[in-house]
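Structural features, examined
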Amino acid sequence: MSISLSSLILLPVWISMAQIQQGGPDEKEKTTALKDLLSRIDLDELMKKDEPPLDFPDTLEGFEYAFNEKGQLRHIKTGEPFVFNYQEDLHRWNQKRYEALGEIITKYVYELLEKDCNLKKISIPVDATESEPKSFIFMSEDALTNPQKLMVLIHGSGVVRAGQWARRLIINEDLDSGTQIPFIKRAMDEGYGVIVLNPNENYIEVEKPKIHVQSSSESSDEPAEKRERKDKVSKETKKRRDFYEKYRNPQREKEMMQLYIRENGSPEEHAVYVWDHFIAQSAAENVFFVAHSYGGLAFVELMIQREADVKSKVTAVALTDSVHNVWHQEAGKTIREWMRENCCNWVSSSEPLDTSVESMLPDCPRVSAACSTEM
């Protein structure tokens, strides 16, 4: 059994609490004081003292993992699946490690979309300047020129990016379960053009600039000797504060700020932007959507904003566990009627595949996916 530093620090406090609680009414004041002390202790900050550095590899090989011929993530040396609890009792550190691996897998899937699926990476906004934040989507060579069929894929919310349904499934199951690659390959085999949206890539993160606060001595008319003395005291104070901060929070992460991507600052904006600049410009007579979870909500929002255009171009929509809500999104009667005829929502259910599932909303039919559609 391992005992963390934070546990050792708090142990005397807990013992004191236990002893006081065994006493009579006279001890209530001491109990209140100790509870106040405990409330002031930031356990998250305290537990960081026990953490190894948040310094993780930036390649799969660095993590000693690789995808095998079945598309399963396995340890290079042991052949074992991914282990989340790499460090016992350090959930935050393990989570950061998992997130670092997830970022590598995102880039890996991007590579597969280009090399395995022969998709092109297209930067957006299409008229972006060199210095402004940008995102991107993926398209097949014939996405805009295929005269017959176009397939559009939209994933759900969270950490997933273009080409993924669920990071968890990629890591714990396999690439076929967690990525859109099987959908893309089958669509292309059957003669569809393909566009893969990237609705969660809404901003870039940059480190917050450090703001220089002008000291009062810099702009005062005080004698030089007095200013120097004040500056020396100020520097010493800052040095002590920095030392304390380093001790208090040794794993302090950089303060970041978000720079949003023009006209793509949300999944809903992104769907409308890609429609206007790509899908609406495509030659395909029949456009088909596959949208998971929040992707379904983004599609309904697209319908609300571009109803006539969507109706004239979209043939059918396959939703999986869509979280859209026609009431909250204020979808009109004509949209609800169109959805009943042209959309179907496959939902998590133990019922046989395609069995009708009751819905409280008057929009599209809901049927069983015969399993969990968690992606």
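Residues numbered from 1 in each chain as written. Predicted model: local features only at pLDDT ≥ 70, side-chain atom pairs only at ≥ 80, totals over all residues. Heavy atoms only, no water.

Overview of the pattern of salt bridges
Under the criterion given, the structure shown has 11 salt bridges. In this structure, Asp127 and Arg262 form a salt bridge, with 3.0 Å as the shortest nitrogen-oxygen distance. Of this pair, Asp127 sits in the loop between strand S3 (120–124) and strand S4 (135–139) while Arg262 sits in the loop between strand S8 (256–260) and helix H9 (267–279); the two residues are 135 residues apart in sequence, bridging distant segments of the chain. Relative accessible area serves as the criterion here: at 30%, Arg262 is assigned to the partly exposed category. Its salt-bridge partner being Glu190, residue Arg186 comes within 2.9 Å of it at the nearest N-O pair. Classification of Glu190 as partly exposed rests on a relative accessible area of 40%. In this structure, a network of salt bridges that share partners links the residues Asp127, Glu132, Arg262 and Glu263. (Salt bridge = Lys/Arg side-chain N within 4 Å of Asp/Glu carboxyl O. Helix = DSSP H or I, 4+ residues; strand = E, 2+ residues; numbered from the N terminus. Buried < 20%, exposed > 50% of the residue type's maximum accessible area, 1.4 Å probe, protein only.)

Observations concerning the sheet that holds strand S5 (residues 149–154)
Taken in spatial order, the 8 strands make up an open sheet running S3-S4-S6-S5-S9-S10-S11-S12, and their pairing is mixed. In this open sheet, the two edge strands, each paired with only one partner strand, are S3 and strand S12 (366–368). Direction aside, neighbouring strands of the sheet carry axes that sit 20° apart on average. When strand S10 (residues 314–320) meets strand S11 (residues 343–347), the two strands line up parallel, connected through 4 bridges. The partner of Val317 across the bridge, within S11, is Cys343. On top of the sheet, helix H7 (residues 181–189) reaches S5, strand S6 (193–196) and strand S9 (286–292); it is set at about 155° to S6, its chief contact. Contacts between helix H12 (residues 333–342) and the sheet are confined to S10 and S11, with S11 contributing the most and set at about 65° to the helix. (Pairing = 2+ DSSP bridges. Axes fitted to C-alpha atoms, helices over the stretch in contact; angles between N-to-C directions. Contact = heavy atoms within 4.5 Å.)

Function cannot be inferred from these measures alone, as they are strictly geometric.
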